[in-house]
Amino acid sequence: MTLPQAKVIGWPIGHSRSPLIHQHWLGEYGIDGVYSAQDVAPDALASFVRTVGVGGLRGCNVTIPHKVSVMALADHVTPVARAIGAANT
């Protein structure tokens, strides 16, 4: 059985503390799951977004440089994200 997964994506992403923080809270609350970081180059963003929901990947946080461009690939953009001009998840 594959554990549910979530990720933070960006380019580069190695500096992110998100996996450390989110994995801590998954453990603290006894939630089975994995939160990790993944480098996604700008030219691979559309391809990556199509994989969300496949193989246990439930969703992801988005950081630079994808916060603006990911909105064009989303099935739904909230009014707040549209007003801000950027998305985080």
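Preceding block: the structure.
We now turn to the structure provided with this report. (Residues numbered from 1 in each chain as written. Predicted model: local features only at pLDDT ≥ 70, side-chain atom pairs only at ≥ 80, totals over all residues. Heavy atoms only, no water.)

A separate point is the overall build of the protein chain. Summing up its helical and strand segments, the protein chain has 3 helices and 3 strands in all. The order of α-helices and β-strands along the protein chain, N terminus first, is β-α-β-α-β-α. Taking 89 residues into account, the globule formula puts the C-alpha radius of gyration at 12 Å, and the protein chain, at 13 Å, falls close to it. Taken along the three principal axes of its C-alpha coordinates, the protein chain extends 35 × 25 × 25 Å. Within the protein chain, the fraction of its 89 residues that count as buried is 29%. Counted over contacts in the protein chain with a minimum sequence separation of 6, partners at least 24 positions apart contribute 68%. Carbon and sulfur atoms form 59% of the exposed surface of the protein chain, whose accessible area is close to 5900 Å². (Helix = DSSP H or I, 4+ residues; strand = E, 2+ residues; numbered from the N terminus. Rg over C-alpha atoms; globule rule 2.2 N^0.38 Å. Buried < 20%, exposed > 50% of the residue type's maximum accessible area, 1.4 Å probe, protein only. Contact = heavy atoms within 4.5 Å. Areas by Shrake-Rupley, 256 points an atom, 1.4 Å probe, with all protein chains shown as cover.)

Attention now goes to the nonpolar core. Ranked by size, the top nonpolar core spans 12 residues in total: Ile9, Val40, Leu45, Phe48, Leu57, Cys60, Val62, Val70, Met71, Val77, Ala81 and Ala87. For this core, the secondary structure elements donating two or more residues are helix 2 (45–49) and strand 3 (57–62). In terms of residues, this core owes the most to one element, strand 3, which gives 3 residues. Apart from the residues lying within four places of it in its own chain, the contact partners of Ala81 are Met71 and Ala86. (Core = buried A, V, L, I, M, F, W, Y, C linked by side-chain atoms within 4.5 Å.)

Looking now at the side chain of Lys7. Summarising the element assignment, Lys7 is placed in strand 1 (residues 5–10). Despite its burial, Lys7 remains without a salt bridge, the nearest opposite charge being carried by Asp39 at 11 Å. Side chain to side chain, Lys7 and Gln38 meet in a polar contact 3.1 Å long. For Lys7, the contacting residues outside a window of four places in its chain are Tyr35, Ser36, Gln38, Phe48, Leu57, Gly59, Cys60 and Asn61. (Lys, Arg positive; Asp, Glu negative; His and termini not counted. Salt bridge = Lys/Arg side-chain N within 4 Å of Asp/Glu carboxyl O. Polar contact = N/O pair within 3.5 Å; in protein donor to acceptor, adjacent residues only side chain to side chain.)

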